[in-house]
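Structural description and commentary
Spelled out, the chains give:
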Amino acid sequence: MLRGIIVALGLLIALPAAAQQEEQALVDRATLAVQELMSTGENTADALNFLRRSRAVMVCPRLFRAGFILGGEGGSCVLVGRDGAGSWSSPAFYTVGSGSVGLQIGVQDAMVIMMIMTDRGLAAVMDSQFKVGADASVALATIGGGIQGSTTAAAGADIVAVARSRGLFAGISLSGSVLSYRPEAASAYYGRQYSARQIVMAMEAHNPGSDPLRAMLLRFGARP
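The rules we used
- Residues numbered from 1 in each chain as written.
- Predicted model: local features only at pLDDT ≥ 70, side-chain atom pairs only at ≥ 80, totals over all residues.
- Heavy atoms only, no water.
- Core = buried A, V, L, I, M, F, W, Y, C linked by side-chain atoms within 4.5 Å.
- Buried < 20%, exposed > 50% of the residue type's maximum accessible area, 1.4 Å probe, protein only.
- Contact = heavy atoms within 4.5 Å.
- Phe/Tyr/Trp six-rings, centres within 6.5 Å; stacked < 30°, edge-to-face > 60°.
- Helix = DSSP H or I, 4+ residues; strand = E, 2+ residues; numbered from the N terminus.
- Salt bridge = Lys/Arg side-chain N within 4 Å of Asp/Glu carboxyl O.
- Disulfide = S-S within 2.5 Å.

**Some points on the nonpolar core**
Met38, Leu79, Tyr94 and Met115 are the most contacted members of the largest nonpolar core, which has 64 residues in total. In this structure Leu79 touches Ala56, Val57, Met58, Ser90, Pro91, Ala92, Tyr94, Ile116, Val125, Met126 and Val200, once residues within four positions along its chain are discounted.

Structural data, given as structure tokens:
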């Protein structure tokens, strides 16, 4: 009886620890994605320019897409905000997913960073579910190889995305993707419940494991 209680308590302790490790792995991958996307490639200068002026950043270290007639896209992301002094918040956790129908075949994975340039764009992403392209007042533009768009079109956008993709698809489209906040991931990572606004805008939450990500963004995204 006592042994069974001890085993049960051990499992209850192990579950949150395992969940926290999973979220930490995502944060670590996001750190590497920022480093790679902001230091290599043809559009590095443009990406850095937008990052330095951004209000917040959503990093998706791996969006996976596969399809044969019916296609789908999905992955996990972190959202990090910046205050007026230039300090970055700890991350809020999101998923991104979409579906499509058409004549397509192939497999692709991509790293994506969405730089949120305006308060209007940030407010839209703060919703529990935000569908890219559905809100006509929030303009999205993309720059970089393997993704449609141009730096000129991005100049007045609320959200600017840059990506690096590998695989058989010609490019990646974010239109129609749904960004959903994951409160259970925040609970696992911070040990209590927080809303996305509390983490990203009020900066009430902190986990030392996110310090390398914040430092990487400060390194590449320091305002001039």
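We are not done yet, so read on.
**Thoughts on the packing of aromatic side chains**
A full pass over the atoms with the stated rule returns 4 aromatic pairs. Consider the rings of Phe93 and Tyr189, whose centres lie 5.2 Å apart with planes at 75°: the pair is edge-to-face. Of this pair, Phe93 sits in strand β2 (residues 92-116) while Tyr189 sits in helix α5 (residues 183-190), and the two are 96 residues apart along the sequence. Aromatic pair Tyr189 and Tyr190: ring centres 5.0 Å apart, planes at 80°, arrangement edge-to-face.

**Focus on unusual backbone geometry**
Notably, Met203 is not glycine yet its phi reads approximately 55°, a positive angle. Tracing the chain through its elements places Met203 in the loop between α6 (196-200) and α7 (211-221). Given the relative accessible area of 26%, Met203 is considered partly exposed.

**Structural notes on the pattern of salt bridges**
Per the counting criterion, the structure on display carries 6 salt bridges. The closest approach of N and O atoms between Arg120 and Asp158, which form a salt bridge, is 3.1 Å. A residue pair is termed long-range when its members are at least 10 positions apart, and Arg120 in helix α3 (residues 119-126) and Asp158 in the loop between α4 (151-154) and β5 (159-167) qualify at 38 residues. Take Asp158: its relative accessible area is 1%, and that puts it in the buried class. A salt bridge links Asp211 to Arg214, with the nearest nitrogen and oxygen atoms 2.9 Å apart. Note that Asp211 and Arg214 are positioned in helix α7 at a spacing of 3 residues, about one turn of the helix. Of the residues examined, Asp211 reaches a relative accessible area of 31% and is grouped as partly exposed. Salt bridges here are not isolated pairs; linked through shared partners, they connect Glu23, Arg182 and Glu184.

**Looking at the state of the cysteines**
Inspection of the entire model under this criterion finds 1 disulfide. With a sulfur-sulfur separation of 2.1 Å, Cys60 is cross-linked through a disulfide to Cys77. Judged by the sign of its S-S torsion, about 100°, the cystine formed by Cys60 and Cys77 is right-handed. Overall, the relative accessible area of 0% leaves Cys60 in the buried class. Among the residues examined, Cys77 registers a relative accessible area of 0% and is labelled buried.

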